[in-house]
Amino acid sequence: MDIRLDAISHSYGETEVLRDITLDIPSGKIVCLVGPSGCGKSTLLRFAGGLERPTAGRILQLGTPPQNCLNPLTYIFQDFALLPWRSVRGNISLVLEDHGIRGARADAIIADVLARTKLSDFAKALPKQLSGGMKQRVAIARALAVNPAVMLMDEPLSALDSQTRELLMDDLVTLWTRTPFTAVYVTHNLNEAVRLGHRVVVLSRRPGSIREIVEIDKPLSERGYADSELETIQKHLWDLMREEARAADEELIDA
Ligand SMILES: Nc1ncnc2c1ncn2[C@@H]1O[C@H](COP(=O)(O)OP(=O)(O)OP(=O)(O)O)[C@@H](O)[C@H]1O
């Protein structure tokens, strides 16, 4: 299933946030959204997920969701959003219980997503026993359990230290390489964008509009740490964003 954002514009009251965004999210690809603070990245993600509706434009779901898809659109947040009193397994089974899936069928799904996220040995652990990186892996496992058509990822690694971020990027690449998933991935971090994005969408300062869409053909599995080709693309992205990021940073905050 592909998603198309078709001529999306949005204002909150007097504040124009997004202007005429048209964008395709093709099945099996990771599309990164980057842009200066406040340019409307998270707002666009909420529209894609149907949590809010834009003032103008349409979100189209094209084609059918994958087989056994329980939830076509699933979020992964920066703060993991795990229930502290439930074990790793319990956090994952919750989303299955919501769909009436219990017993052997639930066990099989949980075993599969725990294995894919390398968490099989931690099924009984509570979130408080886990590092930030492990917690985010649980959140990813939980999202995979519903076999979504599209994962909507809002700064999923930004709460993690830089080493853990590197490890999680590797994990996401391995996960995608084994079974390609579709994602819209919002990030401030241009390194994440060039490591994980098949397509990087650069938004302008508010009202966010598309400045450029950068396609990166290099296979995810061949994108390494300190890769000079990726560094060149990252520099290009930063050149596009630098002045606007500075202007956004210096903007006065409405108290
Ligand atoms: N519910 C809301 N009501 C009013 N204004 C909002 C609301 N949500 C977001 N905004 C405003 O819309 C603009 C875009 O916000 P959004 O969080 O989408 O930007 P962003 O690009 O994700 O920002 P950041 O990179 O800082 O996370 C901001 O000016 C924000 O203050």
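An unreviewed UniProt entry lists the protein chain under the name ABC transporter ATP-binding protein, with Roseibium limicola as the source organism. Of the comments in the UniProt record for the protein chain, the one headed Sequence similarities (unreviewed entry) reads "Belongs to the ABC transporter superfamily."

1. Observations concerning the UniProt feature "domain: ABC transporter" (unreviewed entry) in the protein chain
Per the UniProt record, the feature "domain: ABC transporter" (unreviewed entry) sits at residues 3-230. For the annotated span residues 3-230, helix accounts for 32% and strand for 25% of the residues, and the straight-line distance between the end C-alpha atoms is 27 Å.

2. Description of helix α2 (residues 88-97)
Within α2, burial applies to Val88, Arg89, Asn91, Ile92, Ser93 and Leu96. Here the buried face of α2 lies against α3 (103-116) and α4 (132-145).

3. Details of unusual backbone geometry
With an omega of 0°, the peptide bond running from arginine 206 to proline 207 counts as cis. The topology assignment puts proline 207 in the loop between β8 (199-203) and β9 (210-215). Here the phi dihedral of aspartate 20 falls at roughly 50°; this positive angle occurs in a residue that is not glycine. Checked against the element boundaries, aspartate 20 lands in strand β2 (residues 15-25). The phi angle at alanine 81 is positive, at roughly 50°, despite the residue not being glycine. Along the chain, alanine 81 falls in the loop between β5 (73-77) and α2.

4. Some thoughts on the pairing of strand β3 (residues 30-34)
Put simply, side chains in a regular strand alternate between the two faces of the sheet. Of all 5 residues in β3, 5 are buried; the element is thus mostly enclosed. By the alternation rule, side chains of β3 split into Ile30, Cys32 and Val34 and Val31 and Leu33, which are all buried. Here 4 bridges tie β3 to strand β7 (residues 183-186), and the two strands are oriented parallel to one another. Paired with leucine 33 across the strands is valine 186, a residue of β7. Looking at chain direction, β3 and β8 are connected through 4 bridges and run parallel. Bridge assignment links valine 34 to a residue of β8, and that residue is valine 202.

5. Topic: the sheet that holds strand β6 (residues 150-154)
The 6 strands are arranged β5-β6-β7-β3-β8-β9 in an open sheet whose pairing can be described as mixed. Two strands in the sheet have a free side with no partner beyond their single neighbour: β5 and β9. Pairwise comparison of adjacent strand axes, ignoring direction, gives a mean angle of 20° for this sheet. Against the sheet, helix α1 (residues 41-48) engages β3, β6, β7 and β8, with an angle of about 160° to β7.

6. Quick word on the domain arrangement of the protein chain
Taken domain by domain, the protein chain comprises domain 1 (2-65 + 150-250) and domain 2 (84-148). Taking only C-alpha atoms, the centre of domain 1 and the centre of domain 2 are 26 Å apart. Taken together, the elements giving at least two residues each to the side of domain 1 that touches domain 2 come down to β6 and α5 (162-178). Of all the elements, α5 adds the most residues to the side of domain 1 that touches domain 2, at 5 residues. Here the side of domain 1 that touches domain 2 is composed, by residue class, of 8 nonpolar, 1 polar and 1 charged.

7. Section: the nonpolar core
Grouped together as the largest cluster of nonpolar side chains are 63 residues, with contacts concentrated most on Cys32 and Val184. The element best represented in this core is α4, accounting for 8 residues. Counting only domains with at least three residues in this core, you end up with domain 1 (2-65 + 150-250) and domain 2 (84-148). In contact with valine 184, other than residues within four places in its own chain, are Ile25, Val31, Leu33, Leu45, Ala48, Val150, Leu152 and Met153.

8. Considerations on the site of the ligand
Within the structure, the ligand sits among Tyr12, Val17, Gly35, Ser37, Gly38, Cys39, Gly40, Lys41, Ser42, Thr43, His188 and Arg206. Per-element tally for the shell around the ligand: the top contributor is α1, with 3 residues. Class assignment of the residues belonging to the shell around the ligand gives a composition of 3 nonpolar, 7 polar and 2 charged.

9. Some words on the packing of α2 against α4
Orientation of α2 relative to α4, taken along the N-to-C sense of each, is 25°, at an axis distance of 9 Å. When the axis of α2 is compared with that of α4, the two are roughly parallel. Crossing hand, α2 versus α4: right-handed. Packed against α2, whose contacting residues are Val88, Asn91, Ile92, Val95 and Leu96, the element α4 presents Val138, Ala141, Arg142 and Ala145 at the interface.

Conventions we followed
- Residues numbered from 1 in each chain as written.
- Predicted model: local features only at pLDDT ≥ 70, side-chain atom pairs only at ≥ 80, totals over all residues.
- UniProt positions renumbered as here; feature names shortened; annotations may be inferred.
- Helix = DSSP H or I, 4+ residues; strand = E, 2+ residues; numbered from the N terminus.
- Buried ≥ 20, exposed ≤ 12 C-beta atoms within 10 Å, placed from the backbone.
- Contact = placed C-beta atoms within 7 Å.
- Pairing = 2+ DSSP bridges.
- Axes fitted to C-alpha atoms, helices over the stretch in contact; angles between N-to-C directions.
- Domains from an automatic or database assignment.
- Nonpolar A, V, L, I, M, F, W, Y, C, P; charged D, E, K, R; others polar.
- Core = buried A, V, L, I, M, F, W, Y, C linked by C-beta atoms within 7 Å.
- Near = placed C-beta within 6 Å.
- Parallel < 35°, antiparallel > 145°, perpendicular 65-115°, else oblique.
- Left-handed = near helix turned anticlockwise from the far one by under 90°.

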